[in-house]
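# Architecture at a glance
In case you want the letters, here they are:
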Amino acid sequence: MAIWKRVLHNFLDLFLADRCCLCDRPTTNVDRLCTSCEQRLQTHQFSPANQFLTDEIPVLVWGLYGGSLKQAIAAMKYENYPQLAAPLGRWLAQAWLNSLKNRRPKSSRSKYAVVPIPMHPEKVKQRGFNQAELIAKSFCETTGYPLRSHGLARIRPTQAQFGLSREQRQQNLARALALGKDFHRRPPQYPVLLVDDIYTTGATCREAVKALQKHQIPVAGILAIATSRTDS
Ligand SMILES: [Zn+2]
C-alpha cells in the first residue's frame with residue numbers, strides 16, 4: 001500500500017476505531033475483530049490430529065486457508081490491518097502449546113528462539129510492517145519465548161512465489177535468505193522456530209532452514225497460520 005494511502009487509512013481509523021476489521025460492525029474488542037468474525041475464523045482451525053504437515057522438519061499450521069481466514073490474512077497484509085496479527089499469533093501459540101502437552105511429559109520445559117520469515121527491507125517499507133514478524137511477536141507474548149526478529153535477513157528481493165514452477169521457485173529463492181544480525185555475534189541459546197503467515201510449498205521455509213543450518217543453528221519447527229495443503 002502506498003504511504004499516502006496508509007496515512008489516510010490511519011487517519012480514518014481515528015473515527016472507525018471501534019469497528020471490526022472484517023465486517024465493519026461495531027466492536028469493543030481490542031483486536032478490532034467482532035465476536036461473530038472471531039467465531040467464523042475459529043471454524044478454520046485444524047483439529048490437533050491434522051495440524052502437523054509431513055515434511056523434514058515438523059510444520060504446525062493453525063488452519064485451512066480459505067473463506068474468512070483468507071479474508072483476514074488479506075486484510076492484514078493489503079488493507080493495512082496489522083492488528084489482526086495479534087489474535088492470529090495468539091491462536092498459533094495456543095495450538096503450539098497444546099501440541100507440546102501431547103508430545104512430551106509436562107515436566108520438560110523447552111524454550112525456542114522465534115524467528116519470523118523476513119521480507120525484503122524495500123517491501124517492509126512499502127507495507128509498513130512484516131506480518132510474519134507481528135504474528136511471531138504475538139506468539140512470543142503468549143509462549144514467553146524470545147523473539148529474534150532479525151535471526152534471518154532477506155538479502156535479495158524475490159518475486160511472489162505464486163504461479164512459478166518448482167524450478168523457478170527454487171531459482172527465485174536461491175540465496176535470498178541469510179543469517180540475520182541477531183545471530184551474527186552469537187548463535188541462539190535455543191533451537192529455532194520459524195514463523196510465517198502462509199505455508200504453501202514450504203520452499204521459503206526450506207531456504208530459511210538451510211540459511212540457519214549453514215551456521216549450525218538447529219531448527220526445531222516451522223509454524224504458520226494457514227495452508228491450503230491437507231496432506232497431513
Ligand atoms: Zn466482524
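Now for a description of the structure that goes with this document.

Each value, and the rule that gives it
Residues numbered from 1 in each chain as written. Predicted model: local features only at pLDDT ≥ 70, side-chain atom pairs only at ≥ 80, totals over all residues. Heavy atoms only, no water. Donors = N, O, S within 2.8 Å, 3.2 Å for Na, K, Ca; no water. Tetrahedral: all angles 85-135°; square planar, octahedral: opposite > 155°, others 65-115°. Helix = DSSP H or I, 4+ residues; strand = E, 2+ residues; numbered from the N terminus. Core = buried A, V, L, I, M, F, W, Y, C linked by side-chain atoms within 4.5 Å. Buried < 20%, exposed > 50% of the residue type's maximum accessible area, 1.4 Å probe, protein only. Contact = heavy atoms within 4.5 Å. Phe/Tyr/Trp six-rings, centres within 6.5 Å; stacked < 30°, edge-to-face > 60°.

### Let's talk about the coordination of the zinc ion
Ligation of the zinc ion by protein atoms is provided by C20 (SG), C23 (SG), C34 (SG) and C37 (SG), these donors lying 2.3 Å from the ion. In this structure, the zinc ion is coordinated by four donor atoms arranged in tetrahedral fashion, with angles at the metal of 105 to 116°. Spacing between the donor residues of the zinc ion along their common chain follows C-x2-C-x10-C-x2-C. Here C23, found in the loop between α1 (3–16) and α2 (35–42), pairs with C34, found in the loop between α1 and α2; they are 11 residues apart in sequence, far enough to count as distant.

### Here we look at the nonpolar core
Ranked by size, the top nonpolar core spans 36 residues in total, and within it L22, L92, W96, F139 and Y145 carry the most contacts. Elements represented by at least two residues in this core include exactly α2, β2 (59–64), α3 (67–78), α4 (85–103), α6 (131–143), β6 (192–198) and β7 (219–227). Top contributing element to this core by residue count: α4, with eight residues. Filtering out sequence-adjacent residues up to four positions away, L22 remains in contact with L33, C37, L41, S68, Q71, A72, A75 and L84. Counting residues in hydrophobic clusters, the runner-up holds 24 residues, among them L53, V59, L194 and Y199.

### A look at the packing of aromatic side chains
Summed over all chains, the structure comprises four aromatic pairs. Ring-pair connections join several aromatic residues into one group, and the members of that group are W96, Y112, F139 and Y145.

### Thoughts on the side chain of N130
Along the chain, the position of N130 falls in the loop between α5 (121–127) and α6. Look at N130 and you get buried, because its relative accessible area is 6%. With residues near it in sequence (within four places) discarded, N130 still touches I117, P118, M119 and V124.

Just distances and angles here, no functional claims.
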